[in-house]
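Report on the structure
Here is what each chain is made of, one letter per residue.
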Amino acid sequence: MHIDLRTVSIKPLRQTFDNVAARLGTNKPASRYQEGTLDLQADVNFHYRPLWDSAHEIFDASRTAIKMRDWYSFKDPRQFYYGTYTLARARMQEKVEGDFELVEERGLLENYPAAAKKLALEVMLPLRHVEWGANMNNASICAYGYGTAITQPCIFQAMDHLGMAQYLTRIGLLLADETELEAAKTAWLQDAKWQELRRYVEDTLVVKDWFELFIAQNLVLDGLLYPFIYEQLDQVLAAQAGPVMSMLTRFQSEWFTETRKWVDASVKTAASESPENQAILSQWTLSYRDRALTALTPLVNYALGENAPAVLDALLEEFNMRATKAGLKL
Amino acid sequence: MDMKVAAKKLGLKERYAAMTRGLDWETTYQPMDTVYPYDKFEGIKIHDWDKWEDPFRLTMDAYWKYQAEKERKLYAILDAFNQNNGHLGVTDARYINALKLFLTAVTPLEYMAHRGFAHVGRQLRGAGARVACQMQALDELRHAQTQIHSLSNYNKHYNGFHDWRHMHDRIWYLSVPKSFFDDAVTAGPFEYMVAIGFSFEYVLTNLLFVPFISGAAYNGDMGAMAFGFSAQSDEARHMTLGLEMIKFMLEQDPANLPIVQGWIDKWTWRGVRMLTIVGMMMDYMLPKRVMSWKEAWEIYFEESGGALFKDLARYGITIPKCVAQATIEKEHITHQAWTTFYQYGAAAAFNTWIPEKEELDWLSEKYPNTFDKYYRPRLEYLGEQAKQGKRFYSTTLPMLCQCCQIPMFFTEPDDPTKICYRESDHNGEKYHFCSDHCKEIFDHEPEKYVQAWMPVHQIYQGNCFKPDVDPTAEGFDPLAAVLDWYNIQFGRDNLDFEGSEDQKNFDTWRQTAKSNG
Ligand SMILES: [Fe+2]
Ligand SMILES: [Fe+2]
């Protein structure tokens, strides 16, 4: 017998899961972001304490000084869960792939001016390692953070940084060859102008408070480094050598525009929770901001020469405005 | 110039290395042991992470591209399945109970795997291994979310799904999977990789996913089938990672062998015990059966697992001792488990039932040595009682194994009529176990296992009632209070399938469809 199931009109018993309904109000349909995020992490009745951190439960809100009544107050304005995240990144990578193909096919880098090439190689290739540090730090936040609403975007952020390290590697291989990757690594490890930045990155690798790490990495370092490289340096390279490098770094600049909204929203949520949070976050931001500026100054000087002081001022001013808008007192 | 062109063409392997481990460096402003504080205490000796063979070579751009394609397809199938009321196309509504068990027991483990791999993907000192683990961390989030999204529509129409997260952290039988994964993530990073990456993902995964996915396909559930199949292509990567990790540890230092062997023994048993629930689902909860648990064990453990351990023999690895007992028990455990769930059917968040006659016949045929002799008479008796309106529900609390946390229903390996009890003393307390292997696991790390959140002890200690409940009040009904705390809706989520709301709704909706058709 033919059965047409589509014609049955059924009144559902409920619209969503109880935990989601408790947050949205009953009889409201929930989005896939909400069902795939809210309360996803276990929060009670853990069986054993970690052998590697017996002072804490497996997931433990006391791993940070920040206190929240509800860790699901954090909302990702992009509403990323795995599906929407991968779709968004697949779209971005498709465009970038097209750009890389075009540059390779047309040999657009063959006549890239020597001075611009040198500058790009020297300033951009060691950033592979900075991206790698950012990858590690976001893996950390995802692992030890509290509540899926904030840990989930951090695994996305971690993988994004890995992806960007790989795009930078490809630029290096396109512009030169693997010996330049080695040279960039040597510069990262030994060249004086990179050492303050490397110190900054290595110091963040051992930060135990995951929200502090969030500030040090996602708000402060990214917040100063990305505008420097993908706006200021990009303009310099474009002026000297045309827009090829802007094409090859388009992922990074689009990525920063997108992710900073999420970073700001997260900081704002935590800061507006309580004056105590606001004070802690502001103090972290201030101290990391100053250290990051110290770390970036030699690179800005090297890359931008006489424009460096003005650019540093502009970067600082823009960052301060952004932090203030996110509810911090600097 | 020619030289330069030649140098540009890195081999795939070198190119991938430049994209991953080439990013890493030896820290000097902070000591490496502070940057990676957790990868030495287990005693695993790694001399050269450069010897790590990448189990797969996937750069992030390719990852995003492939995975997005899979997601697009999967959600298109789900949307169509939901719009067409695909849930009414399943064999019969009893099948849906397998999905309830899946969402409450397995999906939270996918999430734990996500966080566990993020942890290991941060902590292992080798960059190649870290990248592979991080990718798995991302995949496991996918598994958790695609399962929730697939089952979301079932939740709208059927009971038992509505508070899966809350239930996972509280209900007595769900502490079996929860404690399994808590055990793995609280171990060191190398043990985690043996527990989850190898024992679970490599040795046992086919026993979990093949029955479940084929079960969904056999029973007309395109939605669950779709997420299962979609996840399997991720599993292929996860399996190669687990295997590489084992081989790498064994190749790095001979002193690693006894540690790794101990972990394989432990985690094979932990996994086998947990899979009792999967076996029970295969034999009892699928209206249309794929294969028996016994057959699945023979194909996926005895044959494939046997071949794997043969392959590992050159490293000195031997097949875990517990396999002998599991092989004897393959003819028993699913019947013992279902009979137990049937009797505790008031305290479970899914419906239970006695199989129909043809189903009992199928079990007799699949289990010629044991079913008629030990289990069929019991089930027939319980079924008879139910027909006479005396459906049996146990109201006592079972004793649980301190290690696997399963109620004590397993029998002595050499005597299927005798329940197996083992015990150990630790700091003047007695602890009980279902088997020699569970006892051995406890005896090796008693400080860990005494911490377990034991659901029955917790009830006795009064920790499983809502805060406003007064256990000293007259007429206090502890079982009802515990179910309330579990958020099991009495008469909707629990009890017999016969007469359940799910049964009635499914029949009504299907009837409407038939008359429309
Ligand atoms: Fe998974
Ligand atoms: Fe046990």
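Residues numbered from 1 in each chain as written. Chains lettered and ligands numbered in written order. Predicted model: local features only at pLDDT ≥ 70, side-chain atom pairs only at ≥ 80, totals over all residues. Heavy atoms only, no water.

Structural notes on the overall build of chain A
Condition: Comment: elements are numbered from the N terminus, with helices defined as DSSP H or I runs of at least four residues and strands as E runs of at least two. For each residue, the accessible area found with a 1.4 Å probe, counting protein chains only, is set against the maximum for its type, and the residue is called buried under 20%, exposed over 50%, and partly exposed in between. Residue contacts follow a heavy-atom distance rule, with two residues in contact if any of their heavy atoms lie within 4.5 Å. Here the accessible surface of atoms and residues is derived via Shrake-Rupley with a 1.4 Å probe, and residues count as covered only by protein chains that are part of the display.
In terms of regular secondary structure, chain A is built from 13 helices and 0 strands. Helices and strands appear in chain A in the N-to-C order α-α-α-α-α-α-α-α-α-α-α-α-α. Its C-alpha atoms put chain A at 70 × 60 × 40 Å along the principal axes. Out of the 330 residues in chain A, the part that is buried amounts to 62%. Looking at chain A alone, contacts between residues at least 24 apart form 78% of all its contacts between residues at least 6 apart. About 12300 Å² of surface is accessible on chain A, with carbon and sulfur atoms providing 52% of the total.

Quick look at the coordination of the iron ion (ligand 2)
To keep it simple, the criterion reads: For Na, K and Ca the donor cutoff is 3.2 Å, while for all other metals N, O and S atoms count as donors only within 2.8 Å; water does not appear among the atoms, so some sites may look incomplete. In these descriptions, tetrahedral denotes four donors with every angle between 85 and 135 degrees, square planar four donors and octahedral six donors with opposite donors over 155 degrees apart and the rest between 65 and 115, and irregular any other case.
Here the iron ion (ligand 2) is held by the protein donor atoms Cys 401 of chain B (SG), Cys 404 of chain B (SG), Cys 434 of chain B (SG) and Cys 438 of chain B (SG), which lie 2.3 to 2.4 Å from it. One way to put it: the 4 donor atoms around the iron ion (ligand 2) meet at angles of 105 to 115 degrees, and that makes the site tetrahedral.

With respect to the coordination of the iron ion (ligand 1)
Residues and elements named next belong to chain B. Within the protein, Glu 110 (OE), Glu 140 (OE) and His 143 (ND1) serve as the donor atoms for the iron ion (ligand 1), at 2.1 to 2.2 Å. Mapping the donors of the iron ion (ligand 1) onto the primary sequence gives the spacing E-x29-E-x2-H. Here Glu 140 lies in helix H7 (residues 127-157) and Glu 110 lies in helix H6 (residues 107-123), a separation of 30 residues in the sequence. The residues Glu 110 and Glu 140 share a single accessibility class, namely buried.

Structural notes on the interface of chain B and chain A
Put simply, the rule reads: The term buried area denotes the loss of accessible surface (1.4 Å probe radius) that occurs when two parts are joined, taken as the sum for both partners. Salt bridge, as used here, is a side-chain nitrogen of Lys or Arg placed within 4 Å of a carboxyl oxygen of Asp or Glu. The term polar contact refers here to a pair of N or O atoms within 3.5 Å; inside protein, the definition further demands a hydrogen-donor-capable atom paired with an acceptor-capable atom, and it admits residues adjacent in sequence only when both atoms are side-chain atoms.
Taken residue by residue, the interface counts 108 residues in chain B and 95 residues in chain A. Buried area between chain B and chain A, summed over both chains or domains, comes out near 8900 Å², and the portion from carbon and sulfur atoms is 61%. On the chain B side of the interface with chain A, the three residues burying the most area are Trp 25, Tyr 29 and Trp 64 of chain B, jointly 10% of the side's total. Connecting chain B to chain A are 2 salt bridges. A salt bridge links Arg 170 of chain A to Asp 61 of chain B, with the nearest nitrogen and oxygen atoms 3.0 Å apart. Our count for the contact surface shared by chain B and chain A stands at 54 residue pairs in polar contact (both at pLDDT 80 or more).

Concerning the environment of Gln 283 of chain A
Residues and elements named next belong to chain A. Positionally, Gln 283 belongs in helix H12 (residues 275-304). In this structure Gln 283 comes out as partly exposed when scored by relative accessible area, which is 48%. Spatially, the C-alpha atom of Gln 283 lies 20 Å from that of Glu 202, the residues being 81 residues apart in sequence.

Overview of the pairing of strand E2 (residues 415-419) of chain B
Regular strands place their side chains on alternate faces of the sheet. Residues and elements named next belong to chain B. Defined as follows: At least two bridges found by DSSP between two strands are what make those strands a pair.
Examined bridge by bridge, strand E1 (residues 411-412) and E2 share 2 bridges and lie antiparallel to one another. By the bridge assignment, Glu 412 is partnered in E2 with Asp 415. If you look at the hairpin formed by E1 and E2, you'll find 2 residues sitting between the two strands.

Description of the packing of aromatic side chains
Quick reminder of the rule: Aromatic pairing here means that ring centres of Phe, Tyr or Trp (its six-membered ring) are within 6.5 Å. Orientation follows from the plane angle: under 30 degrees is stacked, over 60 is edge-to-face, and everything else is tilted. Here, over-ring charges are defined by two tests on the NZ atom of lysine or the CZ atom of arginine: distance to the ring centre within 6 Å, and angle to the ring normal within 35 degrees.
Inspection of every chain in the model, using the stated rule, returns 60 aromatic pairs over all chains. Ring geometry for Tyr 284 of chain B against Trp 338 of chain B: centres 5.6 Å apart, planes inclined by 15 degrees, an arrangement best described as stacked. Placement of the pair is Tyr 284 of chain B in helix H13 (residues 276-285) and Trp 338 of chain B in helix H16 (residues 333-343), with a sequence separation of 54 residues. An aromatic cluster is present here, built from Trp 71, Phe 74, Tyr 146, Trp 210, Phe 211, Phe 214 and Trp 262 of chain A joined pairwise through their rings. In this structure, Arg 170 of chain A packs its charged tip against the face of Phe 100 of chain A, placed 4.3 Å from the ring centre. For the cation-ring pair, Arg 391 of chain B lies above Tyr 342 of chain B, with the distance from its terminal atom to the ring centre recorded as 3.5 Å.

Comments concerning the domain arrangement of chain B
In many reports, interface size means the accessible area that the parts give up when they come together. Residue and element names in this part refer to chain B. Going by this rule: Each domain's limits were defined by an automated method or a database of domain assignments.
Domain boundaries in chain B define domain 1 (49-352 + 394-466 + 475-514) and domain 2 (354-392). With centres defined by C-alpha atoms, the gap from domain 1 to domain 2 works out at 26 Å. Taken together, the contact between domain 1 and domain 2 spans 25 residues of the former and 19 residues of the latter. Taken together, both faces of the contact between domain 1 and domain 2 bury some 2100 Å²; the carbon and sulfur share is 55%. Per-residue buried area on domain 1 facing domain 2 is highest for Arg 289, His 335 and Tyr 342; these three make up 30% of the total on that side. Our count for the domain 1 to domain 2 interface comes out at 4 salt bridges. With its nearest N and O atoms 2.6 Å apart, the salt bridge here joins Arg 391 to Asp 496. Joining domain 1 to domain 2, the criterion identifies 12 residue pairs in polar contact (both at pLDDT 80 or more). For the side of domain 1 that touches domain 2, the secondary structure elements donating two or more residues are H13, helix H14 (293-312), H16 and E2. Examining the composition of the side of domain 1 that touches domain 2, we find that 7 residues originate from one element, H16, more than from any other.

Details of a nonpolar patch on the surface
The condition is simple: The patches described consist of residues with a relative accessible area above 30% and no salt bridge, like charges being joined within 9 Å and nonpolar side chains (Val, Leu, Ile, Met, Phe, Trp, Tyr) within 5 Å.
On the surface, a nonpolar cluster with roughly 280 Å² of combined accessible area is contributed by Met 399, Ile 419 and Tyr 421 of chain B. In this fold, Ile 419 of chain B is placed in strand E2.

Brief notes about the packing of helix H5 (residues 127-144) of chain A against helix H9 (residues 210-241) of chain A
Residues and elements named next belong to chain A. Put simply, the rule is: In this analysis, axes come from line fits to C-alpha atoms, helices being fitted only over the stretch in contact, and the angle between any two N-to-C directions falls in the range 0 to 180 degrees. Note on terminology: angles under 35 degrees are roughly parallel, angles over 145 are roughly antiparallel, angles of 65 to 115 are roughly perpendicular, and the others are oblique. Helix crossings fall into two classes, left-handed where the near helix is turned counterclockwise from the far one by less than a right angle and right-handed where it is turned clockwise.
H9 packs onto H5 with a crossing angle of 150 degrees between their chain directions and a minimal axis gap of 10 Å. By the angle between their directions, the pair H5 and H9 is classed as roughly antiparallel. As H5 runs across H9, the sense of the crossing is left-handed. On H9, the residues that touch Leu 127, Val 130, Glu 131, Gly 133, Ala 134, Asn 137, Asn 138, Ser 140, Ile 141 and Tyr 144 of H5 are Trp 210, Leu 213, Phe 214, Gln 217, Asn 218, Leu 221, Leu 225, Tyr 226, Ile 229 and Tyr 230.

Here we look at the state of the cysteines
Residues and elements named next belong to chain B. Just so we agree on the cut-off: Here, a disulfide means two cysteine sulfur atoms that sit within 2.5 Å of each other.
Tallied over the full model, the rule gives 0 disulfides over all chains. Take Cys 322: it sits in no disulfide, and the sulfur closest to it among the cysteines is that of Cys 438, at 9.7 Å. Lacking any disulfide linkage, Cys 464 is separated from the closest cysteine sulfur, that of Cys 401, by 19 Å.

Details of the nonpolar core
Using the following cut-off: In these notes, a set of buried Ala, Val, Leu, Ile, Met, Phe, Trp, Tyr and Cys residues joined through side-chain atoms within 4.5 Å is what counts as a nonpolar core.
The biggest cluster of nonpolar side chains holds 293 residues, and the ones touching the most others in it are Met 124, Leu 197 and Phe 211 of chain A together with Tyr 173, Tyr 192 and Met 285 of chain B. Ranked by residue count, the leading element in this core is H9 of chain A, at 18 residues. Grouped together as the second largest cluster of nonpolar side chains are 5 residues, Met 136 and Leu 205 of chain A together with Met 32 and Val 35 of chain B included.

Quick word on the side chain of Asp 60 of chain A
Residues and elements named next belong to chain A. For the record, the criterion: Only four residue types enter the charge count, namely Lys and Arg as positive and Asp and Glu as negative; His and the chain termini do not.
Tracing the chain through its elements places Asp 60 in the loop between helix H2 (32-35) and helix H3 (82-105). One buried charged residue, Asp 60, forms no salt bridge at all, with the nearest opposite charge on Arg 49 at 5.1 Å. Within polar-contact distance, the side chain of Asp 60 engages the backbone nitrogen of Glu 57 at 2.9 Å. At a separation of 2.8 Å, a polar atom in the side chain of Asp 60 contacts the side chain of Ser 62. Those residues in contact with Asp 60 that lie beyond four places of it in its chain are Ala 55 and Tyr 146.

Some words on the packing of helix H6 (residues 148-175) of chain A against helix H4 (residues 60-83) of chain B
Describing two packed helices takes the angle between their axes plus the distance from one axis to the other. The cut-off we apply is this: Side-chain classes are defined by residue name, with Ala, Val, Leu, Ile, Met, Phe, Trp, Tyr, Cys and Pro counting as nonpolar, Asp, Glu, Lys and Arg as charged, and the others, Gly among them, as polar.
Direction vectors running N to C along H6 of chain A and H4 of chain B enclose 125 degrees, while the axes themselves pass 8 Å from each other. Taken together, H6 of chain A and H4 of chain B sit at an angle that is classed as oblique. Here H6 of chain A contributes Met 159, Asp 160, Leu 162, Gly 163, Gln 166, Tyr 167 and Arg 170 of chain A to the contact with H4 of chain B, which in turn contributes Met 60, Asp 61 and Trp 64 of chain B. Broken down by class, the residue content of the contact of H6 of chain A with H4 of chain B amounts to 5 nonpolar, 2 polar and 3 charged.

Observations regarding the pattern of salt bridges
Residue and element names in this part refer to chain B. Summed over the entire model, instances satisfying the criterion amount to 66 salt bridges over all chains. The salt bridge partner of Arg 273 is Glu 329, with a shortest N-O separation of 2.8 Å. Placement of the pair is Arg 273 in helix H12 (residues 256-274) and Glu 329 in helix H15 (residues 322-329), with a sequence separation of 56 residues. Glu 329 matches Arg 273 in its accessibility class, with the two residues each being buried.

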